[in-house]
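Geometric and topological summary
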Amino acid sequence: MRNTEAAGTTGVVLAAGGGARLGRGPKALLPYRGRPLVEAVAEALLGGGCREVVVVLGAGAQDVLAAARLDGCRTVVNEEWQSGMGSSLLLGNAATDPRDHLMIALVDQPGLSSLAVERLLASHRPGRVTAAAYDDGAAATKGGNGGLRRGHPLVIDTALRQAVAATVSGDAGARAFLRTHPELVDDVNCSDLSSGLDVDTPEQLYLLD
């Protein structure tokens, strides 16, 4: 089932990070099933129903453009990528059709699939944020959905884009808005599709196998 609203949904891949903790260069170029990870994430968004995908690059942008096939995507370069993820989110927001909903995805989430994207788009309700959630093995979390950990991707309704952008700073992304407006957030369980974990340390590179 796909999002059928006239304006559609644009996927934004936040892929500007330098991957300093991993020591393997830009996260976008981490090898995943025989190709750069950024290709797999962008493909999942397109395959799951996003009408367009904008990839926000930063560290090693020219290397990523040379190595990764991003057919069907638009790319923008965040020259201020070292300021944190927030600047990439704001750049992606500015680069997309203001009438569209946004689906925000992280490049270092190897488990993202088109099925998860489809599920989120099908579950989205007007005027709300729809977030993927994953089993964390705990009884309850701050997200308010017992046993689930809120993560990415998340769909920001077109009506909320300006309000979300106004809260973005540093490396927090949309976290401040989600924390202060829990009544506007719907968590969608995607635990059957992925762990939802991202790759931040050398020990986590096994997630890419």
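Residues numbered from 1 in each chain as written. Predicted model: local features only at pLDDT ≥ 70, side-chain atom pairs only at ≥ 80, totals over all residues. Heavy atoms only, no water.

What to know about the pattern of salt bridges
In this structure the tally under the stated criterion is eleven salt bridges. Between Asp 100 and Arg 51 there is a salt bridge; the shortest N-O distance is 2.8 Å. Of this pair, Asp 100 sits in the loop between helix H3 (85-94) and strand S6 (101-106) while Arg 51 sits in the loop between helix H1 (37-48) and strand S4 (52-57), and the two are 49 residues apart along the sequence. By relative accessible area, which is 0% here, Asp 100 ends up buried. (Salt bridge = Lys/Arg side-chain N within 4 Å of Asp/Glu carboxyl O. Helix = DSSP H or I, 4+ residues; strand = E, 2+ residues; numbered from the N terminus. Buried < 20%, exposed > 50% of the residue type's maximum accessible area, 1.4 Å probe, protein only.)

Some details on the environment of Ser 83
Here Ser 83 is to be found in the loop between strand S5 (73-77) and H3. Residue Ser 83 is classed as partly exposed on the basis of its relative accessible area of 44%. Here the alpha-carbon distance between Ser 83 and Gly 170, two residues 87 residues apart in the chain, equals 6.0 Å. With residues up to four places along the chain from it excluded, the contact list for Ser 83 reads Gly 170 and Asp 171. A polar side-chain atom of Ser 83 sits 2.9 Å from a polar atom in the side chain of Ser 87. (Contact = heavy atoms within 4.5 Å. Polar contact = N/O pair within 3.5 Å; in protein donor to acceptor, adjacent residues only side chain to side chain.)

Quick look at the sheet that holds strand S7 (residues 129-135)
The strands making up a sheet associate through backbone hydrogen bonding, with each pair oriented either parallel or antiparallel. Spatially, the seven strands line up as an open sheet ordered S5-S4-S1-S6-S8-S7-S9, and their pairing is mixed. Taken across any chain shown, the strands that pair with only one partner, and hence form the sheet edges, are S5 and strand S9 (185-189). With strand direction ignored, the average angle separating the axes of adjacent strands in the sheet is 30°. In this sheet, S9 lies alongside S7 in parallel orientation, the contact comprising five bridges. Bridged to Ala 131 within S9 is Asp 187. With respect to the sheet, H3 is in contact with strand S1 (9-15), S4, S5 and S6, its orientation differing from that of S1 by roughly 150°. (Pairing = 2+ DSSP bridges. Axes fitted to C-alpha atoms, helices over the stretch in contact; angles between N-to-C directions.)

Concerning the packing of H1 against helix H4 (residues 114-123)
Running from amino to carboxyl end, H1 crosses H4 at an angle of 45°, the nearest separation of the two axes being 7 Å. For the element pair H1 / H4, the angle class is oblique. Judged by the sense of rotation from one axis to the other, the crossing of H1 with H4 is right-handed. Taking contact as the criterion, the partners of Ala 44, Leu 45, Gly 47 and Gly 48 in H1 are, on H4, Ser 114, Val 117, Glu 118 and Leu 121. Its residues assigned to classes, the contact of H1 with H4 comprises four nonpolar, three polar and one charged. (Parallel < 35°, antiparallel > 145°, perpendicular 65-115°, else oblique. Left-handed = near helix turned anticlockwise from the far one by under 90°. Nonpolar A, V, L, I, M, F, W, Y, C, P; charged D, E, K, R; others polar.)

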